[in-house]
Amino acid sequence: MIRYNLRCDAGHAFESWFQSSSAYESQEKRKLVSCPACGSTKVERAIMAPQIVSKKKDRAEPAPATSGATDVAAPASTPLMMAQERELRAKLKELRDHIVKNADNVGERFPNEARKMHYGDIEHRPIYGEASPEEARSLIDEGVEVSPLPVLPDDRN
């Protein structure tokens, strides 16, 4: 999944998630991406700063000290991030629950069922199921629009 900061021709800024950059481009060409504030479909990607995540959990050396004039209390931003993370997790859970409630679980048949619908062999209907990473890539390469169901840390208990 990829998150884009977007801006409409009226100057409204918003963000949205897409399966890939090509999925965004496809939806944007078909006028499926619209501004939530005004409904405009004249939308473009805004400049984004990359988000870098370190894979190191513990550092051997502490970070160098900074001068007292530039010290910023890092813990002050933690509750906000925690609140945003909780809100995002709640939205992802709501999305997943909606899909599970309103779609057919076709299990391991998912890649075949998705292809049949894409090529018009069977009627379109909402489905979800299982696919290996290779099967998912193959579907995407064929132009079949698929997205993974969100898995949250609470699901693994």
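Residues numbered from 1 in each chain as written. Predicted model: local features only at pLDDT ≥ 70, side-chain atom pairs only at ≥ 80, totals over all residues. Heavy atoms only, no water.

Caption draft 1: Summary view of the environment of Ala-13. With respect to the helices and strands, the residue Ala-13 is situated in strand S2 (residues 13-18). Assessed through its relative accessible area of 61%, Ala-13 is described here as exposed. Expressed as a C-alpha distance, the spacing of Ala-13 and Val-43, which sit 30 residues apart in the sequence, is 9.6 Å. Every residue in contact with Ala-13, bar those within four places of it in the chain, is listed here: Leu-6 and Arg-7. (Helix = DSSP H or I, 4+ residues; strand = E, 2+ residues; numbered from the N terminus. Buried < 20%, exposed > 50% of the residue type's maximum accessible area, 1.4 Å probe, protein only. Contact = heavy atoms within 4.5 Å.)

Caption draft 2: Quick peek at the pairing of S2. Pairing between strand S1 (residues 2-8) and S2: six bridges, direction antiparallel. Following the sheet pairing, Leu-6 is matched in S2 by Phe-14. (Pairing = 2+ DSSP bridges.)

Caption draft 3: Region of the structure containing the sheet that holds S2. In spatial order, the strands read S2-S1-S3; together these three strands make up an open sheet with antiparallel pairing. Each having just a single partner strand, S2 and strand S3 (43-45) make up the two edges of the open sheet. Taken over all neighbouring pairs, the strand axes of this sheet differ in orientation by 40 degrees on average, direction set aside. Its contacts with the sheet put helix H1 (residues 21-29) on S1, S2 and S3, and the angle it makes with S3 is roughly 160 degrees. (Axes fitted to C-alpha atoms, helices over the stretch in contact; angles between N-to-C directions.)

Caption draft 4: Examining the packing of aromatic side chains more closely. Using the criterion set out here, one finds three aromatic pairs in the structure. Centroid distance Tyr-4 to Phe-18: 6.0 Å. Interplanar angle 45 degrees. Geometry classified as tilted. Taken together, the positions of Tyr-4 in strand S1 and Phe-18 in strand S2 put the pair 14 residues apart, joining distant regions of the chain. Take Tyr-4 and Phe-18: they sit in the same class, and that class is buried. (Phe/Tyr/Trp six-rings, centres within 6.5 Å; stacked < 30°, edge-to-face > 60°.)

Caption draft 5: Quick peek at the pattern of salt bridges. Under the counting rule described, the total for this entry stands at eleven salt bridges. For the salt bridge of Asp-97 with Lys-93, the shortest nitrogen-to-oxygen distance reads 2.8 Å. Taken together, the residues span about one helical turn, with Asp-97 and Lys-93 both in helix H2 (residues 78-102) at a distance of four residues. Among the salt bridges present, the one from Glu-113 reaches Arg-125, with a minimum N-O distance of 3.4 Å. Here Glu-113, found in helix H3 (residues 110-118), pairs with Arg-125, found in the loop between H3 and strand S5 (127-129); they are twelve residues apart in sequence, far enough to count as distant. With relative accessibility at 11%, the residue Glu-113 sits in the buried group. (Salt bridge = Lys/Arg side-chain N within 4 Å of Asp/Glu carboxyl O.)

Caption draft 6: Layout of the pairing of strand S4 (residues 104-107). Examined bridge by bridge, S4 and S5 share three bridges and lie parallel to one another. The residue of S5 that forms the bridge with Asp-104 is Ile-127.

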